[in-house]
Each structure stands twice: as structure tokens, then as C-alpha cells.
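An overview of the molecular structure
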Amino acid sequence: MIKIGGLAFLLMLFLHSCSDVLDKAPDGRISLEEVFKDDEKTAAYLNTCYNYIPAEGKRYYFYMRGPVDWSDEAWDTDAEAEAWITSGLLYNGNVSAGSHFAFNADWANNGAGNGNYWVRMWTGIRKCSVFLDNIDKANVKSEANRSRWKAEAHLLRAYYYMVLLKFFGTGLPIERNAFNYADDFSTTERGSYYDVVQFIIEDCDAALSSPNLPWRISSSAEGFRFTKAVGEAIKSRMSLYAASPLYNEGENHWEEAYQISKQALANLKSNGYQLYDKVNFSSWKDNPDVHLPNDAAKLFNEYFCNNMGFEGNPTDKETIYQTNAGQDWINTEGIGAVMGYKSGSCPSQETVDCFETTDGQPILNLSKPYIDEVTHLQPNFNPANTLYNEQDPYANRDPRFYASIYYNGSKRTCYWIFDETSESAENFPASKGYRTRIIATWSGEPQTGRHPTTRKATRTGYFLRKFLHPNSGQEVVTASHAYAKVMRLGEIYLNLAEAAAEAGHLDEAYDAVNAIRGRVNMPPLPAGLSKEQLILRIRNERRVELAFEAHRYFDVRRWHKPDDDLEKTDRWITAAYITRNANGSYTYARGPVSRERLCYQNKFLKFPIPLNEVNIMLALTGDNWQNPGW
């Protein structure tokens, strides 16, 4: 156990101490003792415990996708034009333990809580602990409410610990009960990463034991409240993380992770959760303007472009939790962004390479995808793949590719007001209005072609499609996908597949990953793969299925050992270099997006702990608990 202290941690305690002056209710006018004497005020206090859930999605500062752009999945349009924003700072290596966007309170507010993680999460944890210390004796009219509210507080505390572990990746103090003002903070101890995950699981199990916590929210009046399904999802995710090389401290926790995810999936399925499996909405079904090649692609795209329903029998039975911060204030990503403002997260060539062909063959050799392992300009093609053609690279691909990415030659129908200055044969007649356009991303196309600085152009030769409603575009901002789906059943299947394979339960790993593939009509993985081969295929499946959902950033890190760096994945990001020939054909090549990223060193496996926290702890205890390299 390691001693811990810090300014945010201490302030968190002081602001909720037993002092008559500081011990206030959320409105700042009555004591906490008075709050818990009143049923409605007790409920209101629990509501304030929800205030610290990060919005995720594209609600990071300047409406960008945060971890998606910080990983090898995408290049952020703003990295050059706005180098002082998160991606620019990271790519240029301009972050430190004293100055890091993760600590910026203004960015957290602008991004609906995506930032200032250390202070915000500890504040949320503290409030949940205060609630749990008081709820058993609170004057609550309904015992069913008392049980449910207590369960929600346990889950919220587990969620906030999960966020801290994801970003900071280090041991933390375990707060079962709220600390008091007079406590000796210099002797406060923190558990290991595994210890904290066990505490998270303990909180989730406490919530799951409540007979009054529902499995699904069935009324919009209760929208965004936590459920038992959230508890199962947290347990599955964090047990997987604890078993991973970056965090396991040389111990083998894969069997435990396997058992937890196996039970989580079984419990979720038995309580009505299932993979989204049919095209329902009129804007996709039999609609030629959707411009997707098959029903599997329509299915996948439709799922991400519509909200989960708060009803007893929703169309979407896959989503476990979506955050409540709006995602569609303005369309600041993808082709057709409002007024051509910016294209946002531009998918990398590396991400495109991970989508298989329809016969189930990977494009690249997954054990060594690139001959030049750092710069990625020489792909190491899979010799067993006979469908892939370097000069016709987008034919015969996994349906999820078409549902997730706009590429050169794909189509989009929406309201366009681009300046019609292009000489491209792909441009339709110059006029404003709702019409179809063939996407042109070749170098030199003046509107949407690859360009190093123009914000409405693509950086990589690709635009994001996955979350972009087919009818959204310039001057047409759709609201049907207003929230970020941050937990879904597809992840649980993949968590089980990975843990089962690592633990040696290969048949169950096959079953789990093939369920994901079958949903989009991709063939099952070939039988007879070795354990190592199967793990590579499962990791690639996560990259495809969960693309742009902010998993890749954390996955690629947890798969590294503590002394590794990110040079092979994050140092160089590549783009499609497309030349339009005189006869209208195209020549495809690869090249760097613009420059190397300087956020690949070992220290970037984890966020730094704020420098002022480290300095105060050092003064109190003599211990330095900063993350390595910072």
C-alpha cells in the first residue's frame, strides 16, 4: 500500500467536512443532516451525484472526439489549424504534469465534463460516499427507493473510479466511507490497480444485489439513470483491464476476467439485452439515399445514428448506457459539416486497413502489419487474401467499413452549400439544396480532397461516417443521434472473447467473437487458430467493431507492458494519397498525414497526475507517486 495525498483530494474532503460552516447541502444553505431528514432533498442530493459523468462522444473541447484523435484511429482536423487544442498539444508533445489539457476546468465545462478528470471524479466519488454514509438512516418514505438510490450511488462511485483508472492507470485511495475533516491525510493509503478494480466490483455487486434497481430504464422521465446493466458492463470492462499487461503487475487475472464477463453476458442476455439485429427506421430501410451496399451495413450505421429508447420494449436492446450531454449542437465532423466548418476526426489509413474483405480474410498480416513497423508505408499484406486489390481498395470489404467511413467514391445525399469551384467530374451541377454527391478525396480536389491545413477537407483521404445521420449536413442538423452510446452489449461480447482466449477457453472465445461477426454477415473465424492467432483476430475485431468509440486509445495501451512505448502504433499515422488520372481513374498510394506525432514515448501510456497534487503529497509524506516519465 502506498501513502497518498493531494490538493484535489484534500479539497474534496474539506468541502464536505463535518464543519458547521462547510458542511452544506447542494444548495449551500442547509446542513447535510437536514438534507437526509427529508425525502425529496435526499433524492435531490443523489441527483447531484450524477453531475460528474463525462459526456464522451464528440463533446471534448472544440467538439472533437478526444481519445479517438489521440490514438492511431484518426487525425484531428484541428491539430494544425488550432495547435493549442488537445490534439495539437499532444501531437507536438506540448503537455506536462504541470500543464495538461486533462486538468483544464474550462475545457471540462465546454466539453460537458470531458476533462479536469482528477478533480471532477474525486468530487463525484466523495459525494457518493457521503450519500452512502447517510442513506441507511435517512428519512426516506419508500424502502424501495432507499434500496434503489443506494444501488445507484454504489454504481456512480464505481463509474468515477473507472474513469480515473482508465486515464491515470495507477493505484488510488479506496474510499468506502467518507473521510472526516480531522483525519490524518498523510497516512491515507492507496491500493494497487487490481485492488481498486476489486473495490469497483464490490460496489457493482452491492448495486446488483438490490431488488429495486431495474435492468432497463423504461420511462423517459427516468432517462440516464443507472441500471443493473451498467453494473455488469463496468465489471466486465474493468476486470479485462486489470488482467491486461499494462496493469496486471505480472499476475494472471485472465480466468477471473473470463468468469466475470461470461456471467455478465449471461445476465444481460437473460434480462432482455441483445445485439441490434434488424433495420427498422424508415430513413434506412429501402432508402436509396442512405447509399450503403447491403442491409448489414445499413444495420450497423443505423444503430449508431439513433438514440436508445427509454421504454419497456425498445427497438435498441443493445445499448446499456448513453450519456445525457447533447452531441449534435453543430455538425462539426464528417463530410458536409455545417458551413464547411471542419471535418473533425479523419479516419487513418491504419484504421481502414483493419477492415477485412467479405471472405473473412484480413488485409494485412496481423502479427506484423507493416514491414516498416514505425512509418507504416509498406503494408505487409496477408498472402491468403485474394479479394483485396491495392488499386481498388474499397471493394469487397466488411460491411462495417462502409457504415463507418466515407472514402473516395462513396456517395452522400444531404443539403450541400459547398462552393462549386471544383473541376472534378464527381461534382453534381452547381446548385444549393438537397442532392447527392460522390465523395472525392483525391489530392487536389479543392472542396473535399486531402489537404494538410484546410479544416473542411480531409487530412487522411477519409471522413468519419459512423455517427453521422444520412440526412444531416450543412444547414440541416439532425437530432436523432443526440447522445453518446458509451456502453453496449457488443463490447461485452468482445470482452468475453478476449478474456476467454487469454484464459485458454478457445471455444467460448470463438463463439463470442463470431456472434459479433455474424450480426453483419461476416463469416466465422477459421477453425484451428492457435491461441496467439485467435487473440490477434479478436484484437482486430475490437478495432473494427468498436472503431471511433474511444476504446482503441485504451486498448492499445493496456496491451503494452509498463516499459513499452507506442512507437509502432502512434508515432506515424498514414493517409491515402490518391491521384486522379486524366481518364477519370485513380491511383492509390500511402503517405504520412503530415508529420510524426511526439506522443509515443513510454510516459504517454498514462496521463500524468496533476503536478500540484504530486507536490503536496510529497510535502506531506515524502512519497512521489507521479506516473512514470512525467
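Preceding this paragraph is the structure being described.
The structure reproduced in this document is the subject of the present report. Predicted model only: the values in this text are computed from it and were never measured.

Notes on the nonpolar core
Nonpolar side chains tend to gather and get buried jointly when the protein is soluble and globular. One finds Tyr 159, Ile 234 and Met 487 to be the most contacted residues of the largest nonpolar core, which totals 133 residues. At 15 residues, the largest contribution of residues to this core is made by helix 9 (residues 143–168). When sequence neighbours within four positions are dropped, the list of residues in contact with Tyr 159 reads Ile 53, Pro 54, Glu 56, Phe 226, Ile 234, Val 486 and Met 487. Among the nonpolar cores identified, the runner-up in size contains 38 residues, and Leu 299, Cys 305, Cys 354 and Tyr 462 belong to it.

Looking at the packing of aromatic side chains
Tallying each qualifying case throughout the model produces 44 aromatic pairs. For the pair Tyr 159 and Phe 226, a centre-to-centre distance of 5.4 Å together with 45 degrees between the ring planes defines the contact as tilted. Remark: Phe 226 occurs in the loop between helix 10 (193–208) and helix 11 (228–243) and Tyr 159 occurs in helix 9; sequence separation between them is 67 residues. Across this residue pair, the class does not change: Tyr 159 and Phe 226 are buried. Pairing Phe 224 with Phe 310 gives two aromatic rings, centres 5.3 Å apart and planes at 75 degrees, and the pair type is edge-to-face. Of this pair, Phe 224 sits in the loop between helix 10 and helix 11 while Phe 310 sits in the loop between helix 13 (295–304) and strand 4 (319–322); the two residues are 86 residues apart in sequence, bridging distant segments of the chain. What makes Phe 224 buried here is its relative accessible area of 17%. The cationic tip of Lys 166 hangs over the ring face of Phe 554; the distance from NZ or CZ to the ring centre is 4.6 Å.

Examining the pairing of strand 12 (residues 586–592)
Where strand 11 (residues 574–580) and strand 12 come together, seven bridges link them in antiparallel fashion. The residue of strand 12 that forms the bridge with Tyr 577 is Ala 589. In this antiparallel pair of consecutive strands, strand 11 and strand 12, the connection spans five residues, and Gly 584 shows a positive phi of 90 degrees.

Remarks on the packing of helix 9 against helix 10
Orientation of helix 9 relative to helix 10, taken along the N-to-C sense of each, is 155 degrees, at an axis distance of 8 Å. Between helix 9 and helix 10, the angle falls in the class roughly antiparallel. Where helix 9 crosses over helix 10, the two elements pack in a sense that is left-handed. Residues Ala 151, His 154, Leu 155, Arg 157, Ala 158, Tyr 161, Met 162 and Leu 165 of helix 9 form the contact with helix 10, whose own contacting residues are Tyr 193, Val 196, Val 197, Phe 199, Ile 200, Asp 203, Cys 204, Ala 206 and Ala 207.

Calculation notes
- Residues numbered from 1 in each chain as written.
- Predicted model: local features only at pLDDT ≥ 70, side-chain atom pairs only at ≥ 80, totals over all residues.
- Heavy atoms only, no water.
- Core = buried A, V, L, I, M, F, W, Y, C linked by side-chain atoms within 4.5 Å.
- Buried < 20%, exposed > 50% of the residue type's maximum accessible area, 1.4 Å probe, protein only.
- Helix = DSSP H or I, 4+ residues; strand = E, 2+ residues; numbered from the N terminus.
- Contact = heavy atoms within 4.5 Å.
- Phe/Tyr/Trp six-rings, centres within 6.5 Å; stacked < 30°, edge-to-face > 60°.
- Lys NZ or Arg CZ within 6 Å of the ring centre and 35° of its normal.
- Pairing = 2+ DSSP bridges.
- Axes fitted to C-alpha atoms, helices over the stretch in contact; angles between N-to-C directions.
- Parallel < 35°, antiparallel > 145°, perpendicular 65-115°, else oblique.
- Left-handed = near helix turned anticlockwise from the far one by under 90°.

These figures capture arrangement, not role.
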